[in-house]
Structure formats: C-alpha cells, structure tokens
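Examination of the molecular architecture
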Amino acid sequence: MSDTDLIARIEEQEERLQFTRFDNDDAWRLGVLLADTARERGLSVTVDIRRAGQQLFHAALPGTAPDNDRWIDRKVRVVERFQASSYLVGRRLAAKDRALDAAQGVDPADYAAHGGAFPIRIRDVGVVGVITVSGLPQANDHALVVEVLESFLS
C-alpha cells in the first residue's frame, strides 16, 4: 500500500470511528474488550485509555514491561498535540521524509509518532481522550485498536 493510500485509510478510520458520548463506564467496557481481545490472541500488550488527561483504564498483560508505559506516554502526547492518531502523524511525516523532532517543535524523548494511540473523538466536539496499545509492531498496535473500536461502536 502506498503512503498516500495508507494515509487516506487512516484518515477514513478516524472520521468513521467517532463517539457520540464517552464516559468512565465506556472507557472501562472498551478497555476490557481490548484487553480481552489481546489476551485471547496471546498478545503481550499494555492498554491505556485516558480522557482529559485522566487515566481511566490501564492493563499490562503478561510479557509487557515498564517500557510499554513510556511508549504509551510518548504516543499519547502525539495525539493530544496533533489531534490525530500517532500512526497517522508518523505516516504523514514519513511521506514527506521528515521525522517528529526538534524541527517539529518537540523532543523525540517525549513524543513518538508510532502507531497505537488513537483519538477518542466525540462527533461535533473533537478529541477528548486517547486509547493506546503498546507492545506490537506499530501497524499491528494501530490495527488492534481500530478493530476493537469498530466492534465497540457497532
């Protein structure tokens, strides 16, 4: 898939996978669904859901490490700053042969434009939170979040 096609696909996912509301109970149900899906597949991932800077759900499955939490923090900052998924930000930069660094006004030690953090966007409101997975290759982190969001929102 070309960079252009992949970017368009991620943009479509972000447009389609929006909420009409999102509260603490939604975070819990979504987090449990995501963690259970990963557990059933034997995936070693950490799952994190935040709204307005508050962590509402966190699960570190077997095989994960504290480093997964550091990756989550870095990916979340990308979504909060750019109001787009960490994968989309990274793919847009890569398509321009650029990186997320000081030239973009950020410290790479604090930001990671790698797949796995997806905006929790309420239709007609905007981004209110972030759902993140860390532990797989970036495209797989992103795909797992998208798959579970599709199921949750249907």
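Higher on the page you've got the structure.
Report on the accompanying structure. (Residues numbered from 1 in each chain as written. Predicted model: local features only at pLDDT ≥ 70, side-chain atom pairs only at ≥ 80, totals over all residues. Heavy atoms only, no water.)

1. Some details on helix α4 (residues 86-95)
Burial of α4 is extensive: seven of the 10 residues sit out of reach of the surface. Among the residues of α4, those classed as buried are S86, Y87, L88, V89, G90, R91 and L93. At its buried positions, α4 is contacted by α1 (3-16), α3 (66-82), β3 (117-122) and α5 (138-153). Note on α4: the residue one or two positions beyond its end, D97, has a positive phi of about 55 degrees. (Buried < 20%, exposed > 50% of the residue type's maximum accessible area, 1.4 Å probe, protein only. Helix = DSSP H or I, 4+ residues; strand = E, 2+ residues; numbered from the N terminus. Contact = heavy atoms within 4.5 Å.)

2. Focus on α1
Taking 1.5 Å per residue, 14 residues should reach 20 Å; α1 reaches 20 Å between its end C-alpha atoms and fits that length. The complete set of buried residues in α1 reads L6, I7, I10, Q13 and E14. Projected down its long axis, α1 carries its buried residues within an arc of 120 degrees, all on one side. Taken together, the buried residues of α1 touch α4, β3 and α5. (Expected span 1.5 Å × (residues − 1). Arc of directions from axis to C-beta.)

3. Section: the sheet that holds strand β4 (residues 126-134)
Hydrogen bonds along the backbone pair up the strands of a sheet, which may run parallel or antiparallel. Reading across the sheet, the four strands line up as β2-β1-β4-β3 and stay open at both edges, with antiparallel pairing between neighbours. The outermost strands of the open sheet, each flanked by one partner alone, are β2 (54-60) and β3. Adjacent strand axes in the sheet meet at a mean angle of 15 degrees, parallel and antiparallel pairs treated alike. Summarising the sheet, strand β1 (residues 46-51) and β2 pair through six bridges and their orientation is antiparallel. Bridge pairing in β2 places R50 opposite Q55. Those strands touched by helix α2 (residues 24-40) are β1, β2 and β4, and its axis lies near 20 degrees from that of β2. (Pairing = 2+ DSSP bridges. Axes fitted to C-alpha atoms, helices over the stretch in contact; angles between N-to-C directions.)

4. A word on the packing of aromatic side chains
What the rule picks out here adds up to three aromatic pairs. Ring geometry for F19 against F22: centres 5.0 Å apart, planes inclined by 75 degrees, an arrangement best described as edge-to-face. Judged by relative accessible area, F19 falls into the buried class, the value being 3%. Residue F22 is classed as buried on the basis of its relative accessible area of 7%. (Phe/Tyr/Trp six-rings, centres within 6.5 Å; stacked < 30°, edge-to-face > 60°.)

5. A closer look at the packing of α1 against α4
Each pair of packed helices can be described by the angle between their axes along with the distance between the axes. As a packed pair, α1 and α4 sit with axes 10 Å apart at the nearest point and diverge in direction by 155 degrees. Taken together, the axes of α1 and α4 are roughly antiparallel relative to one another. Relative to α4, the crossing made by α1 is left-handed. Where α1 abuts α4, its residues D3, L6, I7, I10, E11 and E14 lie against Y87, L88, R91, R92 and A95. In the contact of α1 with α4, the residues fall into six nonpolar, no polar and five charged. (Parallel < 35°, antiparallel > 145°, perpendicular 65-115°, else oblique. Left-handed = near helix turned anticlockwise from the far one by under 90°. Nonpolar A, V, L, I, M, F, W, Y, C, P; charged D, E, K, R; others polar.)

6. Topic: the nonpolar core
Core analysis: the largest hydrophobic core is formed by 25 residues, its most contacted members being F22, L30, I49, I131 and L149. Not counting the four nearest positions on each side in its chain, I49 is found in contact with F22, A27, L30, G31, Q54, Q55, L56, F57, I120, V130 and I131. I7, A84, L88 and L100 belong to the second largest nonpolar core, which has 13 residues in total. (Core = buried A, V, L, I, M, F, W, Y, C linked by side-chain atoms within 4.5 Å.)

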